[in-house]
2 protein chains.
Amino acid sequence: MRRSEIRGHLLDTALRLFNLHGYHATGIDLLIAEAGVAKTTLYRHFETKEDLILAALERRDEESRAEMRIFVEQRASEPYERLLATFDFLEASVRDKQFRGCIFMSAAGEHKEAVDPVFRAALMHKRLVLAYFEELAHAARFAEPKRIADAINLLHEGATAIAQMTRTGEPVRQSKRMATSLLAEEARVPNEPPARREGAEQQAKVSDTGRA
Amino acid sequence: MRRSEIRGHLLDTALRLFNLHGYHATGIDLLIAEAGVAKTTLYRHFETKEDLILAALERRDEESRAEMRIFVEQRASEPYERLLATFDFLEASVRDKQFRGCIFMSAAGEHKEAVDPVFRAALMHKRLVLAYFEELAHAARFAEPKRIADAINLLHEGATAIAQMTRTGEPVRQSKRMATSLLAEEARVPNEPPARREGAEQQAKVSDTGRA
DNA sequence: GCCAAACGATACAGATCGGTATATTTAAGC
DNA sequence: GCTTAAATATACCGATCTGTATCGTTTGGC
């Protein structure tokens, strides 16, 4: 293995073991054995186990959100449909044989102090996912994109939690049905995207002056 | 402390520490120090740490479901309203300063193997809670009580998961609003509660053979 | 091709883990 | 009140934990 790949390989191995056994139950000795790397090497890349956990969460955060974006954008073109497509992405994740629950929820569950860096990293991931939902809800012209995003987020988290227990994709399909009927009744802004308040005003002015 | 109280005191202390730090992070030495009990005494009551965890989960399972029943039944008399009152109970639980997430989800998150006795104990609790929702949905004469119970359950789990991160009661209030509008649109059996299927089939057979 | 940095292997440190052994004291039930 | 079971206190066990130290080997960059 080339030296430049070692860090990434360590993070991948760590993520796999954290998902399999959790954080406290994953020991350094097991990790280096699975990664096929000397202990000295591990500690050259990461000062402490906590640093390793934080780096692994950061990597997975970026990976998973990028994967969701790509999946959703290729599956649907309309923002409204994309909001629903996030559930298809979640179902695919949950139906993976290796699924044992959301690793960020597990991280927060094993590091419960709100000031714990691991907890904060998990919280940050959840905020970024919520921000993506809000971005989609905004683009779909929902009158209250924040509230819509919160609802989608709650359905995601509920489905993930239940799927962690049942180990099936059914809770996710159920949550998508709930989201479908929920979104169908929500008010949407009729025409132009409400955009940023300043932008909307400006755009309105431009079209008004240009055509009238 | 009277000897007959020691076992219960150990379980209460264990549950407090499991909620504070999690399962792996709660050591036996800390537990006996907090409980003010000798290690020999602990191991006279519980053969292993896993036995202690299982007994603690069983105790909390019975306690929490009994508390929910009492809360819900005194808060509302109609089954329909009781379904919504479960969210008020959840909000009270979540707003507790000591709330750090559902201890059953944490137990499952730290014992991910589906055959692990701890995982199975957590799963059993979730099934019993779901059964209570179904009982209420049935009594409220919903046409599809199982589906209603699943939906309520999903909203509960979603709210609990998000509240674990935000440490506020807001996700629970949001989930109750979602439940309210969801239930309002669900079909309910008008008059008598739908009789058991066997009874209906038997009745049908009798009339068929009698007339054909 | 040289040199420095990184790697691997191993041994070890000190703490903590779950659990046991022993010996003494306490208290509950007959 | 006596007996017996259960409590306490303490020392200990082997395993495992995170992290370090040592030292020989490999490799990437100039």
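Residues numbered from 1 in each chain as written. Chains lettered and ligands numbered in written order. Predicted model: local features only at pLDDT ≥ 70, side-chain atom pairs only at ≥ 80, totals over all residues. Heavy atoms only, no water.

- In the annotation of an unreviewed UniProt entry, chain A is listed under the name TetR/AcrR family transcriptional regulator and assigned to Ensifer oleiphilus.

### Observations concerning the UniProt feature "DNA-binding region" (unreviewed entry) in chain A
Stage number 1. UniProt marks residues 27-46 of chain A with the feature "DNA-binding region" (unreviewed entry), using the numbering shown here.
Stage number 2. Helix makes up 75% of residues 27-46 of chain A and strand makes up 0%, while its end C-alpha atoms are separated by 14 Å. (UniProt positions renumbered as here; feature names shortened; annotations may be inferred. Helix = DSSP H or I, 4+ residues; strand = E, 2+ residues; numbered from the N terminus.)

### Focus on the confidence of the model for chain A
Stage number 1. Scored by pLDDT, chain A comes out at a mean of 92, with 90% of its residues at no less than 70.
Stage number 2. Low pLDDT, under 50, characterises residues 199-212 of chain A; the predicted model gives this stretch two contacts beyond four residues in sequence or across chains. (pLDDT = per-residue confidence, 0-100. Contact = heavy atoms within 4.5 Å.)

### Looking at the relation of the copies chain A and chain B
Stage number 1. Taken as rigid bodies, chain A and chain B are interconverted by a rotation of 180 degrees and an axial shift of 0.0 Å, the fit giving an RMSD of 0.0 Å. In short, the pair behaves as if placed about a two-fold rotation axis. Relative to the rotation axis, the C-alpha of A:Gly158 is the closest in chain A, positioned 1.7 Å from it.
Stage number 2. Both copies share a contact surface, since 100% of the interface residues of chain A are interface residues in chain B too. (Least-squares fit on C-alpha atoms with pLDDT ≥ 70 in both.)

### A few points about the interface of chain A and chain B
Interfaces are often sized by the amount of accessible area the parts lose when they come together.
Stage number 1. With 40 residues of chain A in contact, the opposing surface of chain B contributes 40 residues.
Stage number 2. Counting each side, the surface lost to burial between chain A and chain B is near 3,100 Å², with a carbon and sulfur contribution of 65%.
Stage number 3. Together, A:Lys112, A:Leu154 and A:Met165 form the three largest contributors to the area buried by chain A at its contact with chain B, with a combined 26%.
Stage number 4. With a closest N to O distance of 3.5 Å, B:Glu113 and A:Arg100 form a salt bridge.
Stage number 5. For the interface between chain A and chain B, the tally reads eight residue pairs in polar contact (both at pLDDT 80 or more).
Stage number 6. Taken together, the elements giving at least two residues each to the side of chain A that touches chain B come down to α1 (3-21), α6 (103-110), α7 (117-139), α8 (145-166) and α9 (170-184) of chain A.
Stage number 7. The element that contributes the greatest number of residues to the side of chain A that touches chain B is α8(A), accounting for 13 residues.
Stage number 8. Looking at side-chain class alone, the side of chain A that touches chain B contains 19 nonpolar, eleven polar and ten charged residues. (Buried area = accessible area lost by both parts, 1.4 Å probe. Salt bridge = Lys/Arg side-chain N within 4 Å of Asp/Glu carboxyl O. Polar contact = N/O pair within 3.5 Å; in protein donor to acceptor, adjacent residues only side chain to side chain. Nonpolar A, V, L, I, M, F, W, Y, C, P; charged D, E, K, R; others polar.)

### Thoughts on the protein's contact with DNA strand C
Stage number 1. Close to DNA strand C lie 19 residues; A:Thr40, A:Thr41, B:Ile28, B:Lys39 and B:Lys49 are nearest.
Stage number 2. For DNA strand C, the fraction of protein-proximal atoms (within 4 Å) that sit in sugar or phosphate groups is 59%.
Stage number 3. Contact distances for DNA strand C include 2.7 Å between a phosphate oxygen and a side-chain N or O atom of B:Lys49.
Stage number 4. If you list the elements that add at least two residues to the surface near DNA strand C, you get α1 and α3 (39-45) of chain A together with α2 (28-35) and α3 (39-45) of chain B.
Stage number 5. Among the elements that take part in the surface near DNA strand C, α3(A) stands out by supplying four residues, more than any other.
Stage number 6. Here the residues of the surface near DNA strand C sort into five nonpolar, eight polar and six charged. (Near = heavy atom within 4 Å.)

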